[in-house]
Amino acid sequence: PKRRHLPPPMSRLLLKFLLAAALSGTASARAAALADAQRLQAGADLPAALARIDQGLAARPRDAQLRFARGVVLAEMKRDAEALEVFVRLNEDYPELPDPLNNIAVLHAAAGRIDAARGALESALRNMKVKDIVTMIDAEADRASVIREIDRLVARTRDKDLVVLAIAGHGAQEPERVKGSEPD
């Protein structure tokens, strides 16, 4: 029998349709793996969540979302060295993403590597196009230094600038300066 071929425009359309169907299938497989892993993670079944993520990664090994989820689950399992490796590799492959750097910073800080944590956070901010960063940690962040840096920030701020000031303090109790002003 004679073989019949689709006319070129129809064959291209069919090819596009098949390619779109294949891509949506892999995207929905990733979405299913992530949803399953998040459900298992929320139920505190971290080994099962990790297994489900690894299943998804077997099909899509470069998938950034699955790789990120893997790092998060490893960190929750207290497998910090493995989690750090996942986030470092993810940052190497996708340096424009700030989230891996944020997690790298958290893992470094938890291990007492404060300078490495600072570097990771500053890199994340620079990736987000933040240009003016002042970081003070521990003894650097005394009252006078913080006020001085805020004054400097105010002096260099121009009309229509967006200023974000984040202060994370785990301070200490100080004596009450005005009697009755502090309930604790």
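Residues numbered from 1 in each chain as written. Predicted model: local features only at pLDDT ≥ 70, side-chain atom pairs only at ≥ 80, totals over all residues. Heavy atoms only, no water.

Novice: Explanation requested: a nonpolar patch on the surface in the structure shown.
Specialist: Together, Ile150, Val154, Val163, Leu165 and Ile167 make up an exposed nonpolar region whose accessible area comes to about 450 Å². Here Val154 lies in helix α7 (residues 143-156). (Patch = residues over 30% accessible without salt bridge, like charges linked within 9 Å, V, L, I, M, F, W, Y side chains within 5 Å. Areas by Shrake-Rupley, 256 points an atom, 1.4 Å probe, with all protein chains shown as cover. Salt bridge = Lys/Arg side-chain N within 4 Å of Asp/Glu carboxyl O. Helix = DSSP H or I, 4+ residues; strand = E, 2+ residues; numbered from the N terminus.)

Novice: Sorry if this is basic, but what is going on with the pattern of salt bridges here?
Specialist: Under the criterion given, the structure shown has 10 salt bridges. For Asp54, the salt bridge goes to Arg70, with nearest N and O atoms at 2.5 Å. With Asp54 in helix α2 (residues 46-59) and Arg70 in helix α3 (residues 64-76), this pair connects stretches of sequence that are 16 residues apart. With relative accessibility at 30%, the residue Asp54 sits in the partly exposed group. (Buried < 20%, exposed > 50% of the residue type's maximum accessible area, 1.4 Å probe, protein only.)

Novice: What am I meant to see in helix α4 (residues 80-93) here?
Specialist: Residues three or four positions apart in an α-helix share a direction because the helix packs 3.6 residues into each turn. Along its 14 residues, α4 runs 20 Å from first to last C-alpha, staying within 8% of the 20 Å computed at 1.5 Å per residue. The complete set of buried residues in α4 reads Ala83, Leu84, Val86, Phe87, Leu90 and Asn91. Considered in projection along α4, the buried side chains sweep an arc of 160° and stay on one side of the axis. Along α4, exposed side chains directed more than 90 degrees from the buried face belong to Ala81 and Glu92. If you follow the buried residues of α4, they end up packed against α3 and α5 (98-110). (Expected span 1.5 Å × (residues − 1). Arc of directions from axis to C-beta. Contact = heavy atoms within 4.5 Å.)

Novice: Help me out: how do you make sense of the side chain of Arg67 in this one?
Specialist: With respect to the secondary-structure elements, Arg67 resides in helix α3. Polar side-chain contacts of Arg67 include one of 2.7 Å to the side chain of Asp93. For Arg67, the contacting residues outside a window of four places in its chain are Leu57, Pro61, Arg62, Val86, Arg89, Leu90, Asp93 and Tyr94. (Polar contact = N/O pair within 3.5 Å; in protein donor to acceptor, adjacent residues only side chain to side chain.)

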